[in-house]
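The lines below spell out each chain.
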Amino acid sequence: MRKLELKFVNEEGRVVTYTLDHPVEPADPAAVQQAMDTILQQDALYSTSGGLTEIHSARIVERIVEDIEL
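On a predicted model such as this, the values are computed, not experimentally measured, just so you know.

*Asks:* Would you explain the overall build of the protein in this entry?
*Replies:* From N to C terminus, the protein includes one helix and four strands. When the helices and strands of the protein are read in sequence order from the N terminus, they spell out β-β-α-β-β. The C-alpha radius of gyration computed for the protein amounts to 15 Å, which surpasses the reference 11 Å derived for 70 residues by more than 25%, pointing to a less compact arrangement than a globule. By principal-axis analysis of the C-alpha atoms, the protein measures approximately 50 × 25 × 15 Å. Going through the 70 residues of the protein one by one, you find that 26% of them count as buried.

*Asks:* What should I look at first to understand the pattern of salt bridges in this one?
*Replies:* Two side chains carrying opposite charge are able to pair once their charged atoms lie near each other. Scanning all chains against the criterion turns up six salt bridges. Among the ionic pairs, Glu62 bridges to Arg2, the shortest N-O distance being 3.2 Å. Of this pair, Glu62 sits in strand S4 (residues 50–62) while Arg2 sits in strand S1 (residues 2–10), and the two are 60 residues apart along the sequence. Between Glu5 and Lys7 there is a salt bridge whose closest N-O contact spans 3.8 Å. Through salt bridges with shared partners, a single network forms among Arg2, Glu25 and Glu62.

*Asks:* So what exactly am I meant to see when it comes to the pairing of S4 here?
*Replies:* Regular strands show a simple pattern: their side chains alternate between the two faces of the sheet. As paired strands, S1 and S4 are joined by nine bridges and run antiparallel to one another. Among the inter-strand pairings, Phe8 is bridged to a residue of S4, identified as Ile55. Bridge analysis of strand S3 (residues 46–47) against S4 gives two bridges, and the strand direction is antiparallel. Its bridge partner lying in S4, Ser47 is registered against Gly50. The turn linking S3 back onto S4 is made up of two residues.

*Asks:* Is there a simple way to think about the sheet that holds strand S2 (residues 15–21) in this case?
*Replies:* For sheets, the rule is that strands pair by backbone hydrogen bonds, running either parallel or antiparallel. With antiparallel pairing, four strands are arranged side by side in an open sheet as S2-S1-S4-S3. Looking at which strands have only one partner, the edges of the open sheet turn out to be S2 and S3. The sheet contact formed by S1 and S2 spans seven bridges and is antiparallel. Looking across to S2, one finds that Phe8 is bridged to Val16. Of the strands in this sheet, S1 and S4 are in contact with helix H1 (residues 29–41), which crosses S4 at around 155°.

Quick notes on the rules
- Residues numbered from 1 in each chain as written.
- Predicted model: local features only at pLDDT ≥ 70, side-chain atom pairs only at ≥ 80, totals over all residues.
- Heavy atoms only, no water.
- Helix = DSSP H or I, 4+ residues; strand = E, 2+ residues; numbered from the N terminus.
- Rg over C-alpha atoms; globule rule 2.2 N^0.38 Å.
- Buried < 20%, exposed > 50% of the residue type's maximum accessible area, 1.4 Å probe, protein only.
- Salt bridge = Lys/Arg side-chain N within 4 Å of Asp/Glu carboxyl O.
- Pairing = 2+ DSSP bridges.
- Contact = heavy atoms within 4.5 Å.
- Axes fitted to C-alpha atoms, helices over the stretch in contact; angles between N-to-C directions.

What follows is the structure, given as structure tokens:
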């Protein structure tokens, strides 16, 4: 399953990651940037170490799991 990770820096300087399942693909960098800007402007998300202060990065992550027959 692919996931979109939105990474922000909080008031303590730590990177906080929010993960969204089933992102729209292909990812539109401008739309992701706009969404992250809106999250910051509206103070929509919060971390246990304080509010979010800036955008760090964003990425699509895919995890592949293969069972091993024993």
